[in-house]
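So the chains spell out like this:
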Amino acid sequence: MLAEQQPILSVRDLRTYYHQDEGIVRAVDGASFDVYAGRTLGIVGESGCGKSVTARSILRIVEQNGRIESGSIHLRRRTSSGQVDEVELTALPANSREMRSIRGGEIALIFQEPMTSFSPYHTVGNQIIEAIRLHSDLSKRAARERAIDLLRMVGIPKPERRIDEYSFQLSGGLRQRVMIAMALSSDPKILIADEPTTALDVTTQAQILELLQRLQDEKGLAIILITHDMGVIAEMADDVVVMYLGRVVERGPVDTIFHAPKHPYTQALLRSIPSILARPRTKLATISGSIPHPYNRPVGCPFHTRCSEIIRGTCDSREPQLQPVGPDHQVSCFLYHS
Amino acid sequence: MAEAVETLKGSTLPPQRDAEAERAAADRISMATQWQLMWWRFRKHRLAMAAAVVVLFGYTIVLFADFFAYANPRQSDAQLSLLPPQPIYFFEDGQFRPHVLGLTGKRDPRTFRRVYEPDPEKKMYLTLFAQGYEYKLFGFIPTNRHLIGVTNGRAEDGIFLMGTDLQGRDLFSRLMLATQTSLTIGLVGVALSLFLGVLLGGISGLYGGVVDAIIQRLIEIVRSIPTIPLWMGLAAAMPSEWPITRIYFFITIIIALIGWTTMARVVRGRFLALREEDFVTAAELAGASQMRIIFRHMVPSFLSHIIAATTLALPAMIIAETSLSFLGLGLRAPAVSWGVLLQQASNIQAVAITPWLLIPAIPVIVMVLAFNFLGDGLRDAADPYG
Amino acid sequence: MVSYIIQRFVAGILTIIAASIIAFVVIQLPPGDYVTAYIANLQATGTMVSMEEAAALRIQYGLDQPVYIQYLKWVGLMLRGNFGMAMEYNRPVLEVIGDRMTLTVIVSFAAVVFIWALSLPIGIYSAVRQYSIGDYIFTFIGFIGIAVPNFMLALIIMYVSYRFFNVQSIGGLFSPDMALQPWSWAKVWDLITHLPLPAIVLGLAGMAEVVRIMRANLLDELRKPYVVTARAKGLAEHRVILKYPVRAALNPFASTIGYIFPFIVSGSIIVSLVLSLPTVGPLLFKALIAQDLFLAATILLLLAVLTVIGTFISDLILMWIDPRIRFGMEGSK
């Protein structure tokens, strides 16, 4: 009921800047999107477009020199009495008790490097049990039982033995499963998966995605899936947000994005997917140029330096705004400005 | 229409120029040699630049030690024993006429120490490029010019910037000579340890296997032996009747015996890393001989690391020489080095009554710091990721 | 794990053997031997020694035999606990060394404790508050520690305490009235109150080094993804830092202590001379000057053994705190 009517998480005009000696890096520069329970939101873009910083901003774990400048992040959650309660995450101090209970409690994170995401000096069990006990008042013994159950749930064989092993004793796929188990330890409502399969081989990748989908079906999880891989998006996402240089350039349901992309950047991204239907020896399309250096952001539309459909005099001087072009479909491009 | 085109051009021009500038910068970087890149990175390191100036200054003194000295550093004078530093007066009757005052020394009948009284009537005027004691510049040009001197009288009787030692020798002039010794002994020591280190480290990294294991074990053993007792043992082995030059040479060998291990590790590490590099594989595939690969491809690419490691090894050498000489096991009189000078300040009485004898500690600290900063800067410049 | 211990142990034994050879050879290097020095000494005081007497002395000390025989005999004696005679004192070496070795260990250990106790918190502070005023101050102190040789530091402290606090004597490990008394709790306490100064003088350079390494490691570790994982769990910031990156940075920290130990032992020799500490330092110095073969060689060897033990302990600590070594995955990252 909650799922259909209201988004569980709404991000509005989020801006996260990094203040460095050389200047300000606008890692996220006005991102807005909604996340619904039981649905997967895919955030896609090239590396350096602000996807991961968006995830960190939601969890309020941006590095020291980064700051959320403006915007809001509304989390709707059900209190123990069953009422819906709304929290504005950017208003909470990053290290407050409440923010910490949300971080890892309501919203959990799994991310790309399963090798280095675990401390090599602690057993994986130690790290999962720590997460469990942070958000519950289970005893050590009970927490250990729960950790073993979680490991079993994510499909780890012999969990009662694996729990006392170190991350370097596990294979990459197992490690990512353990990571997922740890993220699920406090029954989160939202799971942010930051490039969860990038470091894995294709078979393992498919297994992990399958696992995520199964868990979503079982628990009604909302998933924010961050990736640069359009294939993963096509398989997993219900809604898609395309980001470029910290800005959302296009947003819509997955079918619309794939079949009727509007923004030249989205179109270019889709052209760069290798297709098995393509004729042999046809060259794969690439996006010309590279992402501008964050210190000298182009004036106007951030994409105009690489855009094939640039309107001179407009795209390089004014910034386009996100405007609707269809049901639930918005794009930020002067080609569609009315 | 034409106007529109004009404005269009006008608006797109700045980004284009930017792009051009960027491309030019990129070209400049890609065309630059490794040494230019290093120099550009090094220049940004302010502390290292300052340290480089200090080091240059130090070696200027090494070259012109006798020129900077104003009093004969080897001439002792019991009448001037343990004289405290004396000031220079720059003005006379409101005019710039730098001068010093003559001194009369008396022995205090109770403490038996000599006490000195300045005599305001006896003024000695200072001048630049004055004539003083005879010496040979660079060892073969006879001259008697010194940076400063006295117009009426001998500099030996007038200027005492840092006081005198027990034998009445001028500390400042001796410090100049000591700098010559201490800063070169480090260089020679480093050169020797560099030779040993590159040789053994190179063999170790190049051949690997058993040879590598043996050399690594050897390094481990040498490193786990406490250095100072070993130095002391080796230094004590030098017969006291040896001439200074032989002792000097022997001391450098002793110091180098320990220092080479660090160098060997650096070289071995670089060799191991470079062996895997694509350009080495490429050279191998192109059929280059092993010697050619080593000297044309591998050595140039880690020469900068070696230079940085060498700079960082110098402070340890300087401290080692100073420590040994301080103990009386290193250089001995009549040789002069920072450690030899400090020997006179080795007990609490000396420190308490004649604190200026501690002054030679300052150049030790300054030079050690300078070499450290310089080495750090060079290392960062040589390898921004290292 | 067992193979790792055995490997480190064998390395230690090899080092001790090498050190014993080096110690012996070094002592043998100078032309002439103890008897030459002894005779020169006697002659200086006017006593004449005949060739026969000299030869007899040489036979008595076994100095007439080839070097390697002397070495083997020496090793043989040592294995039976007999370290030979200190010729200058005409007493057994061990008796001459007496408490001095223990005191050397205590002073070195105090310096290591000083390094441990201060460099850990300072390293953490400097890394977590990178580029803060405190970080700059500690960096500055660190540079001083690296640039000032420890004997010079001792001299400077001596000067400062005399000049500004009018303290006449700051050296020694005991108060004058305690030095000659038998061991008692009062004497132990007296020793403890005298330890901080030599510990600081000896340890400052090492501390600077360890802080520098600790800070660099911690800065590295703080950027690792597992720190983000820990934060994302909802763990409080100070617990994140103490449990994960600090734990990881302890590793190089432990190995640094092992590598710094030889420096401390070696520095203690020269500092002991300046601060007149009753350790083996002054004794070794005198023995070297007098070419007192067995005494000097024994001290050199014992110092080597001391550092080998120190390094071995730090290897064990390293193994204990690093599961990767424990599971035989040394070298993996």
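Before reading on, note that the structure itself is shown above.
Residues numbered from 1 in each chain as written. Chains lettered and ligands numbered in written order. Predicted model: local features only at pLDDT ≥ 70, side-chain atom pairs only at ≥ 80, totals over all residues. Heavy atoms only, no water.

A count of helical and extended segments in chain C gives 16 helices and two strands. The buried share of chain C, taken over its 333 residues, is 52%. Look at the contacts in chain C between residues 6 or more apart in sequence, and 73% of them connect residues 24 or more apart. Carbon and sulfur atoms provide 69% of the accessible area of chain C, an area that totals close to 15500 Å². (Helix = DSSP H or I, 4+ residues; strand = E, 2+ residues; numbered from the N terminus. Buried < 20%, exposed > 50% of the residue type's maximum accessible area, 1.4 Å probe, protein only. Contact = heavy atoms within 4.5 Å. Areas by Shrake-Rupley, 256 points an atom, 1.4 Å probe, with all protein chains shown as cover.)

Okay, the pairing of strand β7 (residues 190-194) of chain A next. The side chains of a regular strand alternate, first on one face of the sheet and then on the other. All names here are of chain A. Where burial is concerned, most of β7 is hidden: five out of the five residues are buried. Residue alternation in β7 divides its side chains into two sets, I190, I192 and D194 and L191 and A193, and both sets are buried. Bridging between strand β6 (residues 107-111) and β7 involves five bridges; their strand directions are parallel. Paired with A108 across the strands is L191, a residue of β7. In this structure, β7 lies alongside strand β8 (residues 222-227), joined through five bridges in parallel fashion. Residue D194 lies in a different strand from β8, and its bridge partner there is I226. With helix α8 (residues 202-219) bridging β7 and the parallel β8, this β-α-β connection has right-handed handedness. (Pairing = 2+ DSSP bridges. Right-handed = clockwise from strand over helix to strand, strands pointing away.)

In the structure shown here, the tally under the stated rule is 13 aromatic pairs over all chains. Aromatic pair F67 of chain B and F68 of chain B: ring centres 5.7 Å apart, planes at 65°, arrangement edge-to-face. Looking at F67 of chain B, the relative accessible area reads 17%, which means it is buried. Of the residues examined, F68 of chain B reaches a relative accessible area of 19% and is grouped as buried. Three or more aromatic residues link up through ring pairs in this structure, and these residues are Y244, Y265 and F303 of chain A. (Phe/Tyr/Trp six-rings, centres within 6.5 Å; stacked < 30°, edge-to-face > 60°.)

Counting residues in each nonpolar core, the largest one holds 171 residues, and the members touching the most others are M232 of chain B together with L284 and L295 of chain C. Shared between two domains, this core holds at least three residues of each, these being domain 1 (77-164) and domain 2 (175-381) of chain B. With sequence-adjacent residues up to four places away left out, L295 of chain C is seen in contact with A86, Y89, V93, V96, I97, L283 and A287 of chain C. Core analysis: the second largest hydrophobic core is formed by 79 residues, V87, F118, L184 and M236 of chain A among them. (Core = buried A, V, L, I, M, F, W, Y, C linked by side-chain atoms within 4.5 Å. Domains from an automatic or database assignment.)

Attention shifts here to the packing of helix α8 (residues 150-165) of chain C against helix α13 (residues 245-275) of chain C. All names here are of chain C. Interhelical geometry of α8 versus α13 gives an angle of 25° and a closest axis separation of 9 Å. On the basis of the axis angle, α8 is roughly parallel to α13. In this structure, the crossing between α8 and α13 has a hand that is right-handed. The residues of α13 that touch α8, namely those facing N150, F151, A154, L155 and M158, are G267, I270, V271, V274 and L275. (Axes fitted to C-alpha atoms, helices over the stretch in contact; angles between N-to-C directions. Parallel < 35°, antiparallel > 145°, perpendicular 65-115°, else oblique. Left-handed = near helix turned anticlockwise from the far one by under 90°.)

Moving on, we get to the sheet that holds strand β12 (residues 329-331) of chain A. The strands making up a sheet associate through hydrogen bonds between their backbones, and the pairing can be parallel or antiparallel. All names here are of chain A. Taken in spatial order, the eight strands of this open sheet run β6-β7-β8-β3-β9-β10-β12-β11, and their pairing is mixed. At either end of the open sheet lies a strand with only one pairing partner, and these are β6 and β11 (323-326). Each adjacent strand pair in this sheet contributes to an overall mean axis angle of 20°, direction not counted. Packed onto the sheet, helix α11 (residues 264-271) meets β9 (239-244) and β10 (247-253) and runs at close to 105° relative to β9.

Among the surface-exposed residues, F9, I13, I17, I21 and V25 of chain C lie close enough to one another that they form a single nonpolar patch of about 420 Å² accessible area. Its place among the elements puts I17 of chain C in helix α1 (residues 2-28). (Patch = residues over 30% accessible without salt bridge, like charges linked within 9 Å, V, L, I, M, F, W, Y side chains within 5 Å. Salt bridge = Lys/Arg side-chain N within 4 Å of Asp/Glu carboxyl O.)

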